[in-house]
Amino acid sequence: MPVIKVDGLSKVFGKNAKQALKLLEAGKTKEEILKQTGSTVGVNRASFEVEAGEIFVIMGLSGSGKSTLVRLLNRLIDPTEGHVIVDGEDLATMNKKDLLRVRRTKMSMVFQKFALFPFRSILENAEYGLEIQGMAKEERSQKARKSLEMVGLGNYIEQYPAQLSGGMQQRVGLARALANDPEVLLMDEAFSALDPLIRKEMQDELLDLQEKMKKTIIFITHDLDEALRIGDKIALMKDGSIVQVGSPEEILMNPANDYVEKFVEDVDRSKVLTAYNIMKRPETVNIEKHGPRVALERMQKEGISSIYVTDGKRNLKGYVTADDASTALRSDVTSLMAILKTDAPTVTKDTLMNAIFEISHNSPVPIPVVEDGKLLGIIVRGAVISALAGQGEVNLTHA
Amino acid sequence: MLNFMENIEKLPLSSWVSDFTGWISDSFAFLFDPIKNEFGDGLESFADMLAAVPPVIVILIVAVIAFFLSGKRFGLAAFSVVGLLLVWNQGLWEELMLSFSLVLVASLLSVIIGVPIGILMSKSKVAENIITPVLDFMQTMPAFVYLIPAVAFFSIGMVPGIFASLIFATPPTVRFTNLGIRQVSEELVEAADAFGSTGAQKLFKVELPMAKTTIMAGINQTVMLALSMVVIASMIGAPGLGREVLSALQRADVGTGFVAGLGIVILAIIIDRFTQSFSLKKGTNI
Ligand SMILES: Nc1ncnc2c1ncn2[C@@H]1O[C@H](COP(=O)(O)OP(=O)(O)OP(=O)(O)O)[C@@H](O)[C@H]1O
Ligand SMILES: [Mg+2]
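Residues numbered from 1 in each chain as written. Chains lettered and ligands numbered in written order. Predicted model: local features only at pLDDT ≥ 70, side-chain atom pairs only at ≥ 80, totals over all residues. Heavy atoms only, no water.

Enquirer: Quick rundown of the overall build of chain B? Include the residues and the values.
Expert: A tally of helices and strands in chain B yields twelve helices and zero strands. Secondary structure of chain B in N-to-C order comes out as α-α-α-α-α-α-α-α-α-α-α-α. Overall, the C-alpha framework of chain B stretches about 65 × 65 × 45 Å when taken along its three principal axes. When burial is assessed residue by residue, chain B has 47% of its 286 residues classed as buried. In the form shown here, chain B has an accessible surface area of approximately 14,800 Å², with 72% of it arising from carbon and sulfur atoms. Of the charged side chains in chain B, 16 are positive and 21 negative; the average position of the first set lies 12 Å away from that of the second. (Helix = DSSP H or I, 4+ residues; strand = E, 2+ residues; numbered from the N terminus. Buried < 20%, exposed > 50% of the residue type's maximum accessible area, 1.4 Å probe, protein only. Areas by Shrake-Rupley, 256 points an atom, 1.4 Å probe, with all protein chains shown as cover. Lys, Arg positive; Asp, Glu negative; His and termini not counted. Charge placed at Lys NZ, Arg CZ, Asp CG, Glu CD.)

Rendered as C-alpha cells:
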C-alpha cells in the first residue's frame, strides 16, 4: 500500500481559483489562464503514489511547481482541489488538530536554506519538533542527540548554527527532521545550496542513512544528476503538471515527450547506466563436462574468438580463446584446465558505464559481470559504445 | 467666485471634539477617577521610594550595570557616575528621580500595550491596515495637544502626564514589533509550521525571539519619546526636571533652565545607552 497517495491535486494562486480550475479542465495552458484570470497555476491536477521506503524525486525547471507541490503534501499550502492521502487520512480535508498531529508525528521537512533557528543551539534545534509536542527535556535531549550522532554531529551540540559550515547546517536540518522519527521526509532542494563536492557527499550520506532507516522520502531537485543518483522513482514536472513518473532508467531511456527529452539530453549517460543495463547472456562451456573440442565448436557456431568457462554452478573459472583451443585439440589435450586464462578484468552488475568504458578499452575479451563469483553476463565493447551514444538495446528491468 | 469659502459656514470641528472629549470624560469617570486616585497614589509612593534611596547607592548600582551592559568597558559607567554626581551636586536629585520614575512607568505601560498590538498587526492584514494610519496620526499630532484631553480625563499631575506619554510614545514599539515579526524569514516560519507548532508556539519559540532585536530598537525609541513627553508634561503639573525648566522659563532664568536641561540630557543619554545595549546584547548570537 502506498504511504502517500496524491489524487487530482491542484493549487491556483490568486482570486479566481474556481474559474481557473474550470479553464484547466478545458485544457487551457498555465499562460492562457494567467492572462485570462490573473491567477497563477502552481500545481495542475497532480496524481501519483509513493511507496513505503522509496526515495521519490520530483524534478522540474524553476517555476514548474515543485515547491508548491511538496508544500501541499504537508499542507503548508492549502490545496485548491484534490486529495493528499497519507496512511489513509486525507490531509486536504482534515481539521487543524489532526493536521498538527500528522505534522508532528508523520512528516518532517528539510529546507533549501536550512531554516535553522539561529538563536537556538544545535541540540535545541534538533529538539524543536519534540519540544513542541511537550516531551520532557531529558527524553527529547536524548533523542535529538541520537539523531545528531547519526548525521555525524555528536560533537557540535553546544554550537550555534552560524558557527557551522553549510553542509553541517544541513545535517542539523536533517537531524532535526529525523528526531521525531517521521515516516515521511519532505526535502525541498535540500542540497541545492551546497557546493558540488559537499552536495555529493550529502547525497551519499542520505543514501547511507536511508539504507538503515527506510523512510519514505520526497526529494525535490532541479538537477537531473542528483535525481538519478538518489531517486528510486522520478516524477518530472512542467508548468504545474506531472509529465512523467518512472524509474531513473525509464525516464532516461524512454522520455515521455520532448520536454523530458530535452531535460535528459545533456545527462551524461555514462554516470547513470550500469553493467546490468547493457550486459548480454553469455555463451559458456562447463569445465566439468566440456573439453577444447566443445569450446571450439561453440565459438565457431557463435562467431566469437573466446568463450567463458564456468563450473556446474555457473561460478566463473576463466576463459579460453579459439587459438588455444585448436592448438590443444591438435596436441590431444582434453582438459580445458591447461589452456584456461584468468586475466579478464571483471565488473559487478552495479559498475557504472564510465568505469566499464575504461576497462573494455584494454580488455581483449568481453567483460564478465560477476556477482558472488557467479557469471551473470558479459559486456561486449560495442554495447558500451552504442549505449554511451544513446543507442542500442538497454535492459530496463530493475536489477 | 474665488471667495466661495465665505459662503460656507465654519464646520464646528473643534466643538465636536470638545463635546466628544467631555462626553468620554463624563461617561468614563467611573474608570478615570480610580485610575487618577489609586494609580496616582501608587506612582507617587514609587517615586518617593526611589527618591528616598541614598544617591550614592543609586549611582553605584547604575555604574555597575553600565559596566556590564557595555561589555565590561568603563566609558558608559564613568559617564553615568560623573553625570549623576553633577545632577546631585546641582540639587536636582529628587527631580531626576521623579522624572525617571515617570519615564519608567510610562515606558513599561507602552511596552505592555504596544507589543501585543504589534503582534496583532503582524498577524492580520486588516488590523495592520486599520492601525497604521492611527499610529501615523498619533505620531504627527504635536505632542502638546495630548495634554488637553489628558487634563480633561485625569486633571493635573503625574497621571495625565503618563497618559499623554502613552499616546505619544507607544507607536514605535507597535511598529517595530509588527515589522520584526513580519521580517522573520518565510522559511523559518514554514519550519515552525512544518513541525506542527501551534500559533502560540510559533510566536513565542520562533517569531518573537527572531524579532527581538527589532522590537528592542522600537522600545528604545519609545523610551526616548516617553522621556521627551515627561518633560512636556510638566506643563500640566507633572513634577521632575521638566518642571524646573518650565519655571526657569517663566522667570527668564537662563542659568537654572540650562542646568535643569542638562540634567535631562544626562538622563536621556544614560537611558538611551542602556536600552540600546540591551538590544545589541540580545542580538549577538543571532
Ligand atoms: N505564494 C504564491 N503566490 C502566487 N504565485 C505563487 C506563489 N508561490 C508560487 N507561485 C507560482 O507558482 C508557480 C510554481 O512555483 P514554485 O515555487 O512551486 O516553483 P518551483 O518549481 O519550486 O521553482 P524553483 O525551482 O524556482 O524553486 C510559479 O509560477 C510561481 O510564480
Ligand atoms: Mg522551489
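Enquirer: A description of the confidence of the model for chain B should follow, citing residues and the corresponding values.
Expert: Residue and element names in this part refer to chain B. Per-residue pLDDT for chain B averages 88, and the proportion of residues at 70 or more is 97%. For chain B, the element scoring lowest by mean pLDDT is helix 12 (residues 254-283), at 82; helix 9 (residues 186-194) scores highest, at 95. Predicted confidence for residues 282-286 stays below pLDDT 50, and this span has seven contacts to residues more than four positions away or in other chains. As a predicted assembly, this complex carries a pTM of 0.77 together with an ipTM value of 0.80. (pLDDT = per-residue confidence, 0-100. Contact = heavy atoms within 4.5 Å.)

Enquirer: Describe the sheet that holds strand 11 (residues 284-286) of chain A, naming the residues involved and giving the relevant values.
Expert: Residue and element names in this part refer to chain A. The sheet built from three strands is open, its strands ordered 11-12-13 with mixed pairing. Since the sheet does not close on itself, it has two edges, and those belong to strand 11 and strand 13 (316-321), each with one partner. Pairwise comparison of adjacent strand axes, ignoring direction, gives a mean angle of 35 degrees for this sheet. Both strand 11 and strand 12 (residues 306-310) contribute to a ladder of three bridges, which runs parallel. Note that in strand 12 the partner of Asn286 across the bridge is Thr310. Against the sheet, helix 14 (residues 322-330) makes contact with strand 12 and strand 13, and its axis sits at roughly 80 degrees relative to strand 13, the strand it touches most. (Pairing = 2+ DSSP bridges. Axes fitted to C-alpha atoms, helices over the stretch in contact; angles between N-to-C directions.)

Enquirer: Mind laying out the UniProt feature "transmembrane region" (unreviewed entry) in chain B, listing which residues take part and the relevant values?
Expert: Residue and element names in this part refer to chain B. Per the UniProt record, "transmembrane region" (unreviewed entry) is annotated on residues 49-69, 99-122, 143-169, 223-242 and 254-271. Helix makes up 74% of residues 143-169 and strand 0%, and the two end C-alpha atoms of the span are 10 Å apart. Split by type, residues 223-242 is 60% helix and 0% strand. Its first and last C-alpha atoms lie 16 Å apart. (UniProt positions renumbered as here; feature names shortened; annotations may be inferred.)

Enquirer: Provide a residue-level description of the site of ligand 1, including the pertinent values.
Expert: Residue and element names in this part refer to chain A. The local shell around ligand 1 holds 13 residues, among which Ser62, Gly63, Lys66, Ser67 and Thr68 are the closest. Here Lys30 contributes a side-chain N or O atom positioned 3.0 Å from an oxygen atom of ligand 1. The separation between an oxygen atom of ligand 1 and a polar side-chain atom of Glu189 is 3.4 Å. Its free accessible area being 630 Å², ligand 1 has 60% of it covered by the protein chains. When residues of the shell around ligand 1 are traced back to their parent elements, those giving at least two are strand 2 (40-51) and helix 3 (66-73). When residues of the shell around ligand 1 are assigned to their parent elements, the largest contribution, three residues, is made by helix 3. Residue composition of the shell around ligand 1, grouped by class: two nonpolar, eight polar and three charged. (Near = heavy atom within 4 Å. Polar contact = N/O pair within 3.5 Å; in protein donor to acceptor, adjacent residues only side chain to side chain. Nonpolar A, V, L, I, M, F, W, Y, C, P; charged D, E, K, R; others polar.)

Enquirer: I'd like a rundown of the domain arrangement of chain A, residues and numbers included.
Expert: Segmentation of chain A into domains returns domain 1 (2-106 + 182-267) and domain 2 (275-388). Computed over C-alpha atoms, the centres of domain 1 of chain A and domain 2 of chain A are 45 Å apart. (Domains from an automatic or database assignment.)

Enquirer: Report on the interface of chain A and chain B, specifying residues and quantitative values.
Expert: Counting residues at the interface gives 27 residues for chain A, matched by 18 residues for chain B. Between chain A and chain B lies a buried interface of about 2,000 Å² when both sides are counted; carbon and sulfur atoms form 64% of it. Looking at the side of chain A facing chain B, the largest losses of area belong to Phe119(A), Tyr128(A) and Ile132(A), adding up to 28% of the total buried there. Seen at the junction of chain A and chain B, the total is two salt bridges. Close ionic contact of Glu131(A) with Lys205(B) constitutes a salt bridge, the shortest N to O distance being 2.6 Å. At the boundary of chain A and chain B, one finds nine residue pairs in polar contact (both at pLDDT 80 or more). When contributions to the side of chain A that touches chain B are tallied by element, the ones reaching two or more residues are helix 4 (96-105), strand 6 (107-110), helix 5 (122-131) and helix 7 (166-179) of chain A. (Buried area = accessible area lost by both parts, 1.4 Å probe. Salt bridge = Lys/Arg side-chain N within 4 Å of Asp/Glu carboxyl O.)

Enquirer: Tell me about the packing of aromatic side chains, and please be specific about residues and values.
Expert: This structure, assessed with the given rule, holds 18 aromatic pairs over all chains. Plain terms: the ring middles of Tyr128(A) and Phe195(B) are 6.4 Å apart, the flat faces sit at 75 degrees to each other, and that makes the pair edge-to-face. With one member in each of two chains, Tyr128(A) in helix 5 and Phe195(B) in the loop between helix 9 and helix 10 (199-232) form a pair that bridges those chains. Like Phe195(B), Tyr128(A) is buried. Centroid distance Phe154(B) to Phe163(B): 5.3 Å. Interplanar angle 55 degrees. Geometry classified as tilted. (Phe/Tyr/Trp six-rings, centres within 6.5 Å; stacked < 30°, edge-to-face > 60°.)

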